Structures are given as C-alpha cells and as structure tokens.
Amino acid sequence: MRVGVITFPGTLDDRDAARAVNVGGAEAVSLWHADADLKSVDAVILPGGFSYGDYLRCGAISRFAPVMNLVIEAAEKGMPVLGICNGFQVLCESHLLPGALTRNSDLHFLCRDQEIEITNTQTAWTSSYSVGQKIVIPLKNGEGSFQCDDKTLAQLEGEGRVIARYVGQNPNGSRNLIAGISNARGNVVGLMPHPEHAIDPLTGPTAQGLGFFTSILNDMVK
Amino acid sequence: MAKIVVDVMLKPEILDPQGNAVASALPRLGFTFATSVRQGKRFEIEVVGDPTPAQLAEVEKAAEVLLSNPVIENYVVRVEK
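Predicted model only: the values in this text are computed from it and were never measured.

A. Representation of the overall build of chain A. Counting its secondary structure elements, chain A contains five helices and 11 strands. Here chain A has a C-alpha radius of gyration of 15 Å; the compact-globule value for 222 residues is 17 Å, and the two agree. Along the longest, intermediate and shortest principal axes, the C-alpha atoms of chain A span 40 × 35 × 35 Å. Sorting the 222 residues of chain A into buried and exposed places 57% on the buried side. A sequence separation of at least 24 residues applies to 72% of the contacts in chain A between residues at least 6 apart. For chain A, the computed accessible surface area is about 8,600 Å², with 50% contributed by carbon and sulfur atoms. Computed over 17 positive and 23 negative side-chain charges, the separation of the two mean positions in chain A equals 2 Å.

B. Structural view of the overall build of chain B. Of regular secondary structure, chain B possesses two helices and three strands. Listing each helix as α and each strand as β along chain B from the N terminus yields β-α-β-α-β. Taking 81 residues into account, the globule formula puts the C-alpha radius of gyration at 12 Å, and chain B, at 16 Å, lies well above it. By its C-alpha atoms, chain B is 45 × 30 × 15 Å across when sized along the principal axes.

C. Geometry of the packing of aromatic side chains. What the rule picks out here adds up to five aromatic pairs over all chains. When the ring of A:F88 is compared with that of A:F146, the centres are 6.1 Å apart and the planes differ by 15°; the resulting orientation is stacked. Here A:F146 lies in strand 8 (residues 145–147) and A:F88 lies in helix 3 (residues 86–93), a separation of 58 residues in the sequence. Residue A:F146 is classed as buried on the basis of its relative accessible area, which comes to 0%. With a centroid separation of 5.9 Å and an interplanar angle of 55°, the aromatic rings of B:F31 and B:F33 are classed as tilted. Since its relative accessible area comes to 43%, B:F31 is described here as partly exposed. Between A:R63 and the ring centre of A:F64, over which it is positioned, the NZ or CZ distance is 4.2 Å.

D. Highlighting the interface of chain A and chain B. On the chain B side, the residues contacting the 13 residues of chain A number 15 residues. A combined buried area of about 1,300 Å² lies between chain A and chain B, and 70% of that area is made up of carbon and sulfur atoms. Taken as a group, A:L56, A:R57 and A:L107 account for 39% of the area that chain A buries against chain B, more than any other trio of residues on that side. Inspection of the chain A/chain B interface yields one salt bridge. Of the charged contacts, one joins B:E73 and A:R57 as a salt bridge, the two residues approaching to 3.8 Å between their closest N and O atoms. Our enumeration of links across chain A and chain B arrives at five residue pairs in polar contact (both at pLDDT 80 or more). Looking at the side of chain A that touches chain B, its residues break down into five nonpolar, five polar and three charged.

Procedures and definitions
- Residues numbered from 1 in each chain as written.
- Chains lettered and ligands numbered in written order.
- Predicted model: local features only at pLDDT ≥ 70, side-chain atom pairs only at ≥ 80, totals over all residues.
- Heavy atoms only, no water.
- Helix = DSSP H or I, 4+ residues; strand = E, 2+ residues; numbered from the N terminus.
- Rg over C-alpha atoms; globule rule 2.2 N^0.38 Å.
- Buried < 20%, exposed > 50% of the residue type's maximum accessible area, 1.4 Å probe, protein only.
- Contact = heavy atoms within 4.5 Å.
- Areas by Shrake-Rupley, 256 points an atom, 1.4 Å probe, with all protein chains shown as cover.
- Lys, Arg positive; Asp, Glu negative; His and termini not counted.
- Charge placed at Lys NZ, Arg CZ, Asp CG, Glu CD.
- Phe/Tyr/Trp six-rings, centres within 6.5 Å; stacked < 30°, edge-to-face > 60°.
- Lys NZ or Arg CZ within 6 Å of the ring centre and 35° of its normal.
- Buried area = accessible area lost by both parts, 1.4 Å probe.
- Salt bridge = Lys/Arg side-chain N within 4 Å of Asp/Glu carboxyl O.
- Polar contact = N/O pair within 3.5 Å; in protein donor to acceptor, adjacent residues only side chain to side chain.
- Nonpolar A, V, L, I, M, F, W, Y, C, P; charged D, E, K, R; others polar.

Shown next, in the form of structure tokens:
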C-alpha cells in the first residue's frame, strides 16, 4: 500500500509522518504541493507544520495548492486522508471536514505530551484502536481550538464523528474536548495532536500513535 | 485613488482570545473605556481607476472564498475614497 505524504512550503512533520507510515508497514511516497499528480497513492497524509507561514489563516493558502485539488477530488471518492495539526486545518479550510481551528483559548503555543481517548474506531485511520482506549501522544499547536456552530456540533456528536477527545483539562478551548473528527464516510480524519511523533519510545513519549498508520492497512485487507 | 476595503471579523459567537487579551491589557495602562474588544483583519485592495460594480462583485467572491472563512468569520466589502 502506498501512502502519500504532502510537503507544502513550511511543512515540518513530513519526515516523521513518512517514517511512521513505513514503520506501520505501508510505503511512504513524497508528494510536493505544486505537483498535479498523486503518484498512484492509495491514501494521503497532510502533515503538521506551518504551511505558507500560516499566512491569512492556518491552511487557507495550502487549500488552493495544485495537489490539493486532486486530494479533494480523491477524498470525495473515498480515498483515506489524514490531516494532522496543520493538515487538520487544511482539511477544514478545504471543507472536507466541518468547523475551524482557532487560536488556543489561552493564546499560548502548546507543546506537551497529551492523553487522548479514542472514541470512534470505524474510520479508515482508527480501526487499530478500541473504543475508550487512552493513548498519550504529543500535542503542539498555537491554533488548535476546534470551533463550529451548535448545529454542526450536534451533528458530529449524533453521528459519532468525534474520533478522539482530550482527557483531563481542556488544553486549547476546543468544543466538547474535540481532538479529532471524521467526515460522514469515515475516510477523511483530522487530528490536532501528533501520532507520527509517538511511534517509537526511543524518540516519543510512547509508541501509541502507530495505530493511526496501521489502521489504513486493516482497511485495505477488509 | 479609491481603494476597496474588506473588513473581516470573527463571528460574534466565536471566542476571540486575542481581543480578550487586548481588553484586559487596556485597564492595566489606565484605559478604562472598554467593556469588550474584538480583533479583526482589514484588506486594502487597489485597482486601476475607480472600482467598477463588476470588480466589487469579484472582490465579494474572493472575500467569501479566500479572504474570510465563512465558518468562523463575517466580512464587509466597501469602497474608501
């Protein structure tokens, strides 16, 4: 299975994401933001960072990069897409996911190990976990507060599309402690904390992030 | 020369931590007038000559698609002499 990892100008976590894909057992394929070619990948990861310097709004410029037109088209046909941190912001700006990520409620840039609870294992990216499983992975963002209107929130909750929640004190002001959500079909997932930094205890707090990268393989086998 | 101005503000129901931080800094400096502060963005757009209705319609479209995120923000387009 080939998993594309997109690099925008200002992306930081593409290498860790590619490594996580390989450790998970798939083949990572580098994609460049200006390419109008998805190189026959089966899934795509939008990694974290500060694409286009976060100018205008986080993810607002990236959303119009040539490669994103193809990602949006493929995602609408069911291709698995995972957006991590800045990638989550890009998916919201692309309207592949509802809501928006805004400035952390206390204005601080956060960088810490964060416990989250997996709340939906029916998506392409979370099937390796069990419902209620708690994992610790790094959280690092300045604009990670998930916001949406009441109607959208009720819809997300009603359809079980919150895939992960922060455990304990709300780190950034996200509504309903939301750390990650999926689209209705479950192929597109956005997650604010970073599973790709927690795939090996040598370099991360745990190896509990690896499940996101093995889940897509489960999906292919099914 | 006239310019087209686009003001983008967070919707009233969206939390504005930056505005709150400004609001709490004001009284520390002795400015006691504010009961609330909201912070937004202003775009100044120049075109050749005076803006035409067609150009303004284009700017409206750009404000909807790029300059603002309609999920969390409202915008106003106007011409400033």
